[in-house]
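# Inside the fold
Take a look at the letters that make up each chain.
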Amino acid sequence: MLEEAVSEQFDLIVIGGGVTGAGIALDASLRGIKTLLLEKEDFASGTSSKSTKLIHGGLRYLKQFEIGLVRESGLERSVAHKNIPHLVHPENMLLPIVKGGTFGKLSASLAISVYDFLAAVPREDKKKSLNKNQTIASEPLLKKERLKAGIIYSEYRTDDARLTIELIKAAYRSGAQIFNYMLVEDFVYDSQNKIIGVKAKDISSEQNFSFNATQVVSAAGPWVDELREINLSKKGKRLHLTKGVHIVVPFDKLPIKSSIYFDSNDGRMLFAIPRNKTTYIGTSDTNYTGNKNEVKCTQEDVSYILSNVNNMFSIPPLTLADVSSSWAGLRPLIHEDGKSPSELSRSDEIFISESNLISIAGGKLTGYRKMAKRIVDLLQKRNANFSQIECKTKNYKIHLNSFADYQDYLQFKNALASKFELNIEQTKELEYLCSCYGKSAEQIINQALNTKNDFARSLIKAEINHVLKYESAIHPLDYIIRRSGKLFFDIDAVQKHLSFIIQEFGNYYSWNTGQVQNATLECESAIVDATIS
Ligand code: FAD
C-alpha cells in the first residue's frame, strides 16, 4: 500500500489521525476527493483518546456567551447519535445546585432551557427540575448540607478513540489511503514556494517517504504550531495548550446512579461518570508547556480531583490508593491574551499560510463533523478542479441505521448468552463488545464462543485478532488503550492477561525476543503512568 501511495498524486493529504483529521478524511473521500491521511503514532493517540468522552454542547460555555459553539455542538449531538448509534448513547446528566456554586436555581434553569432550545432537544428529553428531596432521591450520595435543588438534562456519551477509529475505517472504505505510525517531518514545495506534498518517516521501519498532493491540511491538534514552524508560517495567532486529567475509581467506591456535573472548590465544574465497573471523574484545566508526547497525570492533579469529589459526595473519603487508572490530555486551544485556561474559547480556527498549508485547531470532539465540512468546503472553493460533490456526512451511517436498530441488534447477545449459559458478568462483556465494535462484534463473539478455552481469554483473543486484521493495531498499547479502552476501564484484565496480549501481537508480527521485551516494557510503563504508582 505504501509503494502505491508514494507514486500516487493525491488531491489532499491530511496530517493527523485524531477525530478532526479522521472526520476530514471521511468527508473528503465521500465527496470523491482523493485523500491520504498520515498519523505519527496510533490513531487517536493525541487528545482524541483523552477527553471526557461526552458528546455535549458544553453547558458551561453559555456563561462565556459562546452561543455559536453551544448551538453547533448541541445540534451535532443528535447527528452523531443517529449516525453512529453503537457509539453515541443518551446519558442523563444531573446538575446539583449547591450553596455558593456556579449556578443558582434560576440561572441553572434558564441556562439549561437555552441549552435545550439551542440544541433543539425534543420535548420528552427536555430538562427536569428537581427540589432538594427529589435531588437526594435521584442521587443519595450527594452531601445534603450544601444542596439546594437539582436539574436533570440530556447529554450523550461516547468512546472518543473508538469514534475516531470508526471514522478512519469509514474513510478507508470510501477510498482514502491511511497510515498510522507515519511521522510528517517536512513539506515539499514547488518553484513558487507552494506546498505540493510532504516528507514522512515510517516509524516502524525508519524508512523515509515522499507523498504528493495538491493540498495539505494539518489537523495535528496540539502539534499544529510545530508544523506551522516547519512551514515558517507561525505568525499571528498561536496555540495555548492546557492539560486536563481524569481519574478512574472502582464503581463501588463512587456508586453514583447517573452522570453528575458538579461544582469544584475553585469555581470550575467537574464530571463524574459511571462506566462499566468503574466511575471516572474529571477534569482539571491547567496551562501546559512540557513535552507534548509525554503528558502525565501527577499526584497534584489527582489530589485536586479527589478533594473535589470528597467535598461533594458523602462517601468514605477517596484517596490515591483508590485510583485504579487515569489519563491526561492536552486541549489545543487558541491563545487569547490575559485569559485563564478555563476562559479560553473552545471554538475552532483555520490558519492558511502563504505557501498554502491549511491548519485547523481548537474545537470539540462533538463538533468534528462540522469542522471537517468547513475544511472540505474551503478546499473545494480553492481548487476548482476538485470534485465539487456536496457534503454527505449528515446522513452517513456507520454500522447501524438508528439507536433503535442498535437496541434490536443487542438481542443477539441475549440469545447467545442463553445458548452458552453465560452469567450476568459474561453477558455484560458481550454488550461491551457490541458498544465498541458495532456490527463487527458478532464476528468477534462467534469466534470466541466457538473455542473451548477460558471465556475471558477467548474473548480477548478474538478481539485482538479483529484489531490486528481490520484496525491497523501495531502495538499492544493500540489495543489496550485505543481499541478497547481496557487500560482505563478494565485495568485488572490488562494486568491479568498482559503477557498473553503481547504474545498474540508477537505471533502475528513474528517478533523476536527483543521486540517482545520492548513491548512488555512499554505496556508496564503505561500501567505505571495510568495507576500513578
Ligand atoms: P488530536 O486528537 O490530538 O489529533 C492530532 C493528531 O495529529 C495526533 O494523533 C498526533 O499524533 C497527530 N500528529 C501530530 N503531528 C503529526 C505529524 N507531524 N505527523 C503525523 N501526525 C501528526 N470534546 C468533546 O466534544 N467532549 C468532551 O467530553 C471533551 N472533553 C475533553 C476533555 C479533555 C481533558 C480534553 C483535553 C479535551 C476534551 N475535548 C472534549 C476536546 C476534544 O477532545 C478535542 O477537541 C479533540 O479530541 C481534538 O482532536 P484533534 O484531532 O484536533 O487532535
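Look above for the structure.
The paragraphs below set out a description of the structure included in this document. (Residues numbered from 1 in each chain as written. Predicted model: local features only at pLDDT ≥ 70, side-chain atom pairs only at ≥ 80, totals over all residues. Heavy atoms only, no water.)

## So, the pairing of strand E16 (residues 325-334)
Put simply, the rule is: Exposure is judged per residue with a 1.4 Å probe applied to protein chains only, and the accessible area is read against the type maximum: over 50% gives exposed, under 20% gives buried, and values in between give partly exposed. Comment: elements are numbered from the N terminus, with helices defined as DSSP H or I runs of at least four residues and strands as E runs of at least two.
For E16, the tally of buried residues reaches ten of ten residues, placing the bulk of the element in the interior. Alternating residues of E16 divide into Ser325, Trp327, Gly329, Arg331 and Leu333 and Ser326, Ala328, Leu330, Pro332 and Ile334, and every residue in both groups is buried.

## As for the packing of helix H11 (residues 411-419) against helix H12 (residues 424-437)
Heads up, the rule is: In this analysis an axis means a line fitted to C-alpha atoms, helices contributing only their contacting stretch, and an angle means the value between N-to-C directions, from 0 to 180 degrees. Angular relationships are summarised with four words: roughly parallel below 35 degrees, roughly antiparallel beyond 145, roughly perpendicular across 65 to 115, and oblique for the angles in between. Note: crossing handedness is left-handed where the near helix turns anticlockwise from the far helix by less than a right angle, and right-handed where it turns clockwise. By definition, residues are in contact when any of their heavy atoms lie within 4.5 Å.
Between H11 and H12, the least distance of the axes is 10 Å, while the angle of their chain directions is 150°. By the angle class used here, H11 and H12 are roughly antiparallel. In this structure, the crossing between H11 and H12 has a hand that is right-handed. Contacts from Phe412, Lys413, Asn414 and Ala417 in H11 reach Thr427, Leu430, Glu431 and Cys434 in H12.

## Here's the deal with the packing of H12 against helix H14 (residues 455-470)
Axis separation between H12 and H14 bottoms out at 11 Å; the angle between their running directions is 10°. In this view, H12 runs roughly parallel relative to H14, as classed from their interaxial angle. Across from Gln426, Glu429, Leu430, Tyr432, Leu433 and Tyr437 in H12, the residues of H14 making contact are Phe455, Leu459, Glu463, His466 and Val467.

## A short note on the site of the ligand
Our working rule: Put simply, a residue is near a molecule or strand once any heavy atom of it comes within 4 Å of that molecule or strand. Any pair of N or O atoms that falls within 3.5 Å is considered a polar contact. Within protein, one atom must be able to donate a hydrogen and the other to accept it, and sequence-neighbouring residues count only if both atoms are side-chain atoms. Using a 1.4 Å probe, the Shrake-Rupley method yields the accessible areas, and only the shown protein chains count as cover for residues. Note that Gly is not counted as nonpolar here; it falls among the polar residues with everything else outside the nonpolar set of Ala, Val, Leu, Ile, Met, Phe, Trp, Tyr, Cys and Pro and the charged set of Asp, Glu, Lys and Arg.
Among the 38 residues in the neighbourhood of the ligand, the closest are listed as Thr20, Glu39, Ser48, Leu54 and Thr366. Within the backbone of Val19, one N or O atom sits 3.2 Å away from an oxygen atom of the ligand. One of the side-chain N or O atoms of Thr20 is found 2.7 Å from an oxygen atom in the ligand. The fraction of the free accessible surface of the ligand (1000 Å²) that becomes covered by protein chains is 97%. The class makeup of the residues in the shell around the ligand is 14 nonpolar, 18 polar and six charged.

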